[in-house]
Amino acid sequence: MALVALVREGDFGAFESLYRLNCARIMGLTYRMVRDRAEAEDLTQEIFVQAFRSIGTFEGRARFGTWIYRIAVRKCLDFLKSRRAKEQSRTEPIEYHVPLARPLPVGRSLDLEKAIADLAPSSRAAFLLNKVEGYDYAEVSDILGVAIGTSKSLVHRARMKLRIALHGDDVTAAKESRDTPPYTSPRNTRNDR
Amino acid sequence: MSKDGNALSHETYRELLNDFVDKTLRERERLSVEAHLDRCAECRKLAEQLQEVDTLASSMGTIEPATRIWTNIESELDAAASPPSQPAVTSQSVFIPTVQAGWAAWAPRLVAASVLLFLGANLWILRTNDSETTVKDLRVNQIASDLRLAESHYESAISGLQVIFDQSSQTLDPALAVMLQENLELIENSISESRAALDTEPESRVAQDSLLEGLRLKVSLLQNIILLMNEVRKGNGEGAFGLIEGLNTP
């Protein structure tokens, strides 16, 4: 907060400090949102330029990080929307892949990155903010401009999809797991399974 | 268990698993879900997989943007910004070359020049009376509180890059490898000097900036060396950027 006050007073060195402290996190978010390093760097640049120009609108009720993430997410979603519109306006046939019956067996971290890229943009943003950046649901809802319940629902759905991307929808196989003792409560058996 | 004491349905338990993994369930619900997990392999497996997604996500690292991004921002805001009262060690004073055709021919000189520029600026600043250290207490406290976090990110990146460099430096021309190793040691000395300055003056913003800049320079230099080694090994830059992406997300 003190740095923001100094930036408002015209201290450009303080703004550089804010950049140094936040740029790698913002870059991480933009890269994972757009999956293109050059585009992510351009967006990071635009985000900090906009942050500097609109620092007067930062009211200080939230953390600076939350405020700049709001700018970042909006920029990324606008960018993705624009990219999608450009792709749809192409006249040449769009390549597509036949979905695989089972997801490819995947290594973990790298494949999670790839799977995140396949999420819908709003789910992707919510998941990254909550699970990668560590913002709680209230903060995610503040950054995304949605209700807390919506932010939670976006994250939960994203996590379910990512789980399937990593493992396939194989939990039903566990039903037949031999090491699971049958549930024998006479009163609640039907409800419990 | 539901409020009236009856067990919940399997589907309801399944729906509760997200909240269970988030640790946002009330005690009564949590105990009920735990009891269900004890007897339901399907839900137990689902909960484990959801937890694994969380664990993997939380270990995703930050990604350092190219040094030129700050330079671009400075240029774009140049008209609006007031320059700092004292020259700080910025990306402008440390030139990190990007990999281009023919880089191997001029890289050693540029790397050496950039390291010397950086070291010169650091020494000048660290040995000058620093009035800034006493001017803005709030500011240095803010930076100090984040310094350890930033430092740990850099150290994490450096350790990964250093391993690759140590394992693959034989790819390089021996003379170049020696020079790059010397430059890395020079940067390391400067980092040590900044740390020593911080031990004496923990609130010195200049020393903090110098430390971060030293760490940043080391990361950038290692990244460029690895790019170079890839070019040498493959004859082109194929896969180099993919490698950098991977290195940036430890």
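Residues numbered from 1 in each chain as written. Chains lettered and ligands numbered in written order. Predicted model: local features only at pLDDT ≥ 70, side-chain atom pairs only at ≥ 80, totals over all residues. Heavy atoms only, no water.

**What about the overall build of chain B?**
Part 1 of the reasoning: Counting its regular elements, chain B contains ten helices and zero strands.
Part 2 of the reasoning: In chain B, the order of α-helices and β-strands from amino to carboxyl end is α-α-α-α-α-α-α-α-α-α.
Part 3 of the reasoning: A burial count over chain B gives 48% of its 250 residues as buried.
Part 4 of the reasoning: Once local pairs closer than 6 in sequence are excluded, the contacts in chain B between residues at least 24 apart make up 73%. (Helix = DSSP H or I, 4+ residues; strand = E, 2+ residues; numbered from the N terminus. Buried < 20%, exposed > 50% of the residue type's maximum accessible area, 1.4 Å probe, protein only. Contact = heavy atoms within 4.5 Å.)

**Some thoughts on the overall build of chain A**
Part 1 of the reasoning: Scanning chain A from terminus to terminus reveals nine helices and zero strands.
Part 2 of the reasoning: Ordered by position from the N terminus, the helices and strands of chain A form the series α-α-α-α-α-α-α-α-α.
Part 3 of the reasoning: Per-residue burial for chain A yields a buried fraction of 49% across its 193 residues.
Part 4 of the reasoning: Once local pairs closer than 6 in sequence are excluded, the contacts in chain A between residues at least 24 apart make up 60%.
Part 5 of the reasoning: Of the roughly 10,100 Å² of accessible surface on chain A, 52% is carried by carbon and sulfur atoms. (Areas by Shrake-Rupley, 256 points an atom, 1.4 Å probe, with all protein chains shown as cover.)

**Let's talk about the packing of helix 8 (residues 148-167) of chain A against helix 1 (residues 10-22) of chain B**
Part 1 of the reasoning: Closest axis-to-axis distance for the helix 8 of chain A/helix 1 of chain B pair is 11 Å, and the angle between their directions is 100°. Taken together, the axis directions place helix 8 of chain A and helix 1 of chain B in an arrangement best described as roughly perpendicular. Between helix 8 of chain A, through K152, H156, R159, M160 and R163 of chain A, and helix 1 of chain B, the contact on the second element is made entirely by R14, N18, D19, V21 and D22 of chain B.
Part 2 of the reasoning: In the contact of helix 8 of chain A with helix 1 of chain B, the residues fall into two nonpolar, two polar and six charged. (Axes fitted to C-alpha atoms, helices over the stretch in contact; angles between N-to-C directions. Parallel < 35°, antiparallel > 145°, perpendicular 65-115°, else oblique. Nonpolar A, V, L, I, M, F, W, Y, C, P; charged D, E, K, R; others polar.)

**Things to note about helix 8 of chain A**
Residues and elements named next belong to chain A.
Part 1 of the reasoning: Compared with the 28 Å implied by 1.5 Å per residue over 20 residues, the 29 Å span of helix 8 between its first and last C-alpha is a close match.
Part 2 of the reasoning: Of all the residues in helix 8, the buried ones are S151, L154, V155, H156, A158, R159, M160, L162, R163, L166 and H167.
Part 3 of the reasoning: The positive-phi residue at the C-terminal boundary of helix 8 is G168, with phi of around 80°. (Expected span 1.5 Å × (residues − 1).)

**A few points about the environment of E64 of chain B**
Part 1 of the reasoning: You can see E64 of chain B is positioned in the loop between helix 3 (41-58) and helix 4 (67-77).
Part 2 of the reasoning: Residues E64 of chain B and V219 of chain B, 155 residues apart in the sequence, show an inter-C-alpha distance of 9.2 Å.

**Here we look at the packing of aromatic side chains**
Part 1 of the reasoning: Here the structure, examined in full by the defined rule, presents twelve aromatic pairs over all chains.
Part 2 of the reasoning: Geometrically, the ring pair formed by F15 of chain A and W70 of chain B is tilted, given 5.9 Å between the ring centres and 40° between the ring planes. Taken as a pair, F15 of chain A in helix 2 (residues 12-34) and W70 of chain B in helix 4 lie in two separate chains rather than in one. The same class applies to F15 of chain A and to W70 of chain B, which are both buried.
Part 3 of the reasoning: Within the aromatic cluster, the residues linked to one another by ring pairs are F12, F15, Y19, F48 and F52 of chain A together with W70 of chain B. (Phe/Tyr/Trp six-rings, centres within 6.5 Å; stacked < 30°, edge-to-face > 60°.)

**Quick word on the nonpolar core**
Part 1 of the reasoning: By size, the foremost hydrophobic cluster in this structure holds 65 residues, and its most contacted members are F15, I68, L112 and L129 of chain A together with I73 of chain B.
Part 2 of the reasoning: Setting aside chain neighbours within four positions, we find L129 of chain A in contact with L29, Y69, V73, G134, Y135, V140, I143 and L144 of chain A.
Part 3 of the reasoning: Grouped together as the second largest cluster of nonpolar side chains are 22 residues, L161, L176, L184 and L212 of chain B included. (Core = buried A, V, L, I, M, F, W, Y, C linked by side-chain atoms within 4.5 Å.)

**Remarks on the packing of helix 7 (residues 137-144) of chain A against helix 8 of chain A**
Think of two packed helices as two axes; the pair is described by the angle between the axes and how far apart they sit.
Residues and elements named next belong to chain A.
Part 1 of the reasoning: As a packed pair, helix 7 and helix 8 sit with axes 8 Å apart at the nearest point and diverge in direction by 100°. By the criterion of interaxial angle, the relationship of helix 7 to helix 8 is roughly perpendicular. When helix 7 is examined against helix 8, the residues Y137, A138, V140, S141 and L144 are found in contact with a partner set consisting of I148, S151, K152, L154, V155 and H156.
Part 2 of the reasoning: Grouping the amino acids of the contact of helix 7 with helix 8 by side-chain chemistry returns seven nonpolar, three polar and one charged.

**A word on the environment of T67 of chain B**
Part 1 of the reasoning: Position of T67 of chain B among the secondary structure elements: in helix 4.
Part 2 of the reasoning: A C-alpha to C-alpha distance of 9.0 Å links T67 of chain B and R216 of chain B, two positions 149 residues apart in sequence.

**Brief notes about the environment of L16 of chain B**
Residue and element names in this part refer to chain B.
Part 1 of the reasoning: Tracing the sequence through the fold places L16 in helix 1.
Part 2 of the reasoning: What makes L16 buried here is its relative accessible area of 14%.
Part 3 of the reasoning: Discounting chain neighbours no more than four positions away, the residues touching L16 are L8, L25 and V33.

**Re the confidence of the model for chain A**
Part 1 of the reasoning: Taken residue by residue, chain A gives an average pLDDT of 80. The fraction at 70 or more is 77%.
Part 2 of the reasoning: Per-residue pLDDT stays below 50 along residues 173-193 of chain A; that stretch engages in 31 contacts with residues further than four places along the chain or on separate chains. (pLDDT = per-residue confidence, 0-100.)

**Overview of the pattern of salt bridges**
Part 1 of the reasoning: Summed over the entire model, instances satisfying the criterion amount to 19 salt bridges over all chains.
Part 2 of the reasoning: Where K131 of chain A meets D22 of chain B, a salt bridge forms, and the shortest distance between an N and an O atom there is 2.7 Å. On the criterion of chain membership, the pair formed by K131 of chain A in helix 6 (residues 121-132) and D22 of chain B in helix 1 is interchain, its members lying in two chains. Of the two residues, K131 of chain A and D22 of chain B, neither departs from the other in class, the shared state being buried.
Part 3 of the reasoning: Because the salt bridges share partners, they merge into one network encompassing K131 and R159 of chain A together with D22 and D54 of chain B. (Salt bridge = Lys/Arg side-chain N within 4 Å of Asp/Glu carboxyl O.)

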